[in-house]
Amino acid sequence: MQLGIIGLGRMGGNIARRLMLDGHQTVVYDRNTDFVSALGKEGASGVADLPALVAGLDKPRAVWVMLPAGAPTEDTIAELSGLLEAGDVIIDGGNTFYKDDIRRGQELAQKGIDYIDVGTSGGVWGLERGYCMMIGGDARVVERLDPLFASLAPGIGNIPRTRDRVSADDRAERGYIHAGPPGAGHFVKMIHNGIEYGMMQAFAEGFDILKTKNSPSLPEDQRFDLNLADIAEVWRRGSVVSSWLLDLTADALASDPKLDGYSGAVADSGEGRWTIEAAMEQAVPVPVLSNSLFARFRSRQQSTYGDKLLSAMRFGFGGHVETPKK
């Protein structure tokens, strides 16, 4: 298939590469011309602006927007809506607030343009590992675009199949789902990221306890000088807490045991805040998720070793840089 891609940063460029490796054609645009040139050398059709991107696509066109949530995405989709025609589709693969998806889907439908929201997880490792995708939009359009999603997804791989699972739809096992109408994809991804906050905070706090077990404030016979890199490594193998986040923790501790490369000022993206807002709207108690968000706020004022570990994990999976301390 053919796909236009706008935004070639940490994830957009590798999305194009993974698609091209599986035989798809891409027409790509980014304000950074170096990104466009690099992908052009790898087989993409690079263009200089949005009109050229639209002109370079066959009808019905499909355009994937991979930009930061907020004004960059909003403005780009608004411009695209004036360039595309009925039957074309806009795909937002960023981390947009799901209520904005609902509004956009309704607005674009009035022009006959389809709208698909794709909550995309995979970070900077997506080219190699594939992308886990949670998709919202009209089922007919999602089905038409399925070859693209199938190429981007990780596939079944070597993960054991879930015992007693029965489903006529194997997309979840291959790493992507059609979650529901516009907005549903980003809503599921929003909750995914909220859970991610809680899991990361648990690792950070646990390793902080391990790190401070040699504190002079403890009785001398209760002080342990623990090797955190070894602990992370052994937990990766057969432990019930093994996970990709623990893999990233082990990587960080192996290369920088004291985590001197991190200040511990942990940034937060919109999804964590939006998850708490959704919980409040639905009257669902989420003490772990809310505390993990507030811990990031606190880290920008006074940080701990655990906060440095949070920053290391965020950099490991997504290339996210720390928020400067105020």
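All figures in this text were calculated on a predicted structure; none of them were measured in a lab.

Basis of the calculations
Along every chain, residues carry numbers that run from 1 in the direction the sequence is written. Where totals are concerned, whole chains, interfaces and linings use all residues; where local detail is concerned, this predicted model gives features only for residues with pLDDT of at least 70, and gives and counts side-chain atom pairs only at 80 or more. Derived side-chain values reflect all non-hydrogen atoms in the structure, with water molecules and hydrogen atoms excluded from consideration. Here's how the labels work: a residue is buried when its accessible area is under 20% of the maximum for its type, exposed when over 50%, partly exposed in between, all with a 1.4 Å probe on protein chains only. Secondary structure elements follow DSSP: runs of H or I no shorter than four residues count as helices, runs of E no shorter than two count as strands, and numbering proceeds from the N terminus. What makes two strands pair is DSSP finding at least two bridges between them. Contacts: residue pairs with any heavy atoms within 4.5 Å of one another. Orientation is described by axes fitted as lines to C-alpha atoms, over the contacting stretch for helices, and by angles from 0 to 180 degrees between their N-to-C directions. Roughly parallel refers to an angle under 35 degrees, roughly antiparallel to one over 145, roughly perpendicular to one between 65 and 115, and oblique to any angle outside these ranges. Amino acids outside the nonpolar list (Ala, Val, Leu, Ile, Met, Phe, Trp, Tyr, Cys, Pro) and the charged list (Asp, Glu, Lys, Arg) are all regarded as polar, and Gly is one of them. Each salt bridge in this description consists of a side-chain nitrogen of Lys or Arg and a carboxyl oxygen of Asp or Glu lying within 4 Å of one another.

**Regarding the pairing of strand 5 (residues 89-92)**
Burial of strand 5 is two-sided: the residues Val89 and Ile91 facing one way and the residues Ile90 and Asp92 facing the other way are all buried. In the sheet, strand 4 (residues 62-65) pairs with strand 5 via four bridges, with the strands oriented parallel. By the bridge assignment for strand 5, Val65 is matched with Asp92. Of the pairings in the sheet, the one linking strand 5 to strand 6 (residues 114-121) comprises four bridges and is parallel in character. By the bridge assignment, Ile91 is partnered in strand 6 with Ile116.

**Describing unusual backbone geometry**
Cis peptide bonds are those with omega within 30 degrees of zero, and the linkage from Lys59 to Pro60 qualifies with -10°. Relative to the helices and strands, Pro60 is located in the loop between helix 3 (50-55) and strand 4. With phi around 70°, Asp164 is a residue other than glycine that occupies positive phi space. Within the fold, Asp164 resides in the loop between helix 8 (146-152) and helix 9 (171-174). Judged by relative accessible area, which is 71%, Asp164 ranks as exposed. Positioned with a positive phi, Leu259 is a non-glycine residue whose angle comes to about 55°. Relative to the assigned elements, Leu259 resides in the loop between helix 12 (244-255) and helix 13 (270-281).

**Thoughts on the sheet that holds strand 8 (residues 176-180)**
Within the open sheet, the eight strands sit side by side as 3-2-1-4-5-6-7-8. Their pairing is mixed. Taken across any chain shown, the strands that pair with only one partner, and hence form the sheet edges, are strand 3 (45-46) and strand 8. Here two bridges tie strand 2 (residues 25-29) to strand 3, and the two strands are oriented parallel to one another. The residue of strand 3 that forms the bridge with Val28 is Gly46. Here helix 1 (residues 12-21) sits on the sheet in contact with strand 1 (2-6), strand 2 and strand 4, set at roughly 165° to strand 1.

**Regarding the packing of helix 10 (residues 184-211) against helix 13**
At a minimum axis distance of 8 Å, the contact between helix 10 and helix 13 shows a crossing angle of 105°. One finds that helix 10 runs roughly perpendicular with respect to helix 13. Facing helix 10, whose interface residues are Phe187, Lys189, Met190, Ile191, Asn193, Gly194 and Tyr197, helix 13 presents Glu271, Gly272, Trp274, Thr275 and Ala278. Partitioned by chemical class, the residues of the contact of helix 10 with helix 13 number six nonpolar, four polar and two charged.

**Focus on the pattern of salt bridges**
This structure, assessed with the given rule, holds 21 salt bridges. The salt bridge partner of Glu85 is Lys59, with a shortest N-O separation of 3.1 Å. With a gap of 26 residues between them, Glu85 in the loop between helix 4 (71-83) and strand 5 and Lys59 in the loop between helix 3 and strand 4 connect regions that are remote in the sequence. Its relative accessible area of 36% is what places Glu85 among the partly exposed residues. Across the salt bridge formed by Arg61 and Glu85, the nearest N and O atoms sit 4.0 Å from each other. Highlighted residues: Arg61 in the loop between helix 3 and strand 4 and Glu85 in the loop between helix 4 and strand 5, separated in sequence by 24 residues. Through salt bridges with shared partners, a single network forms among Glu74, Asp92, Asp100, Arg103, Arg104 and Glu107.

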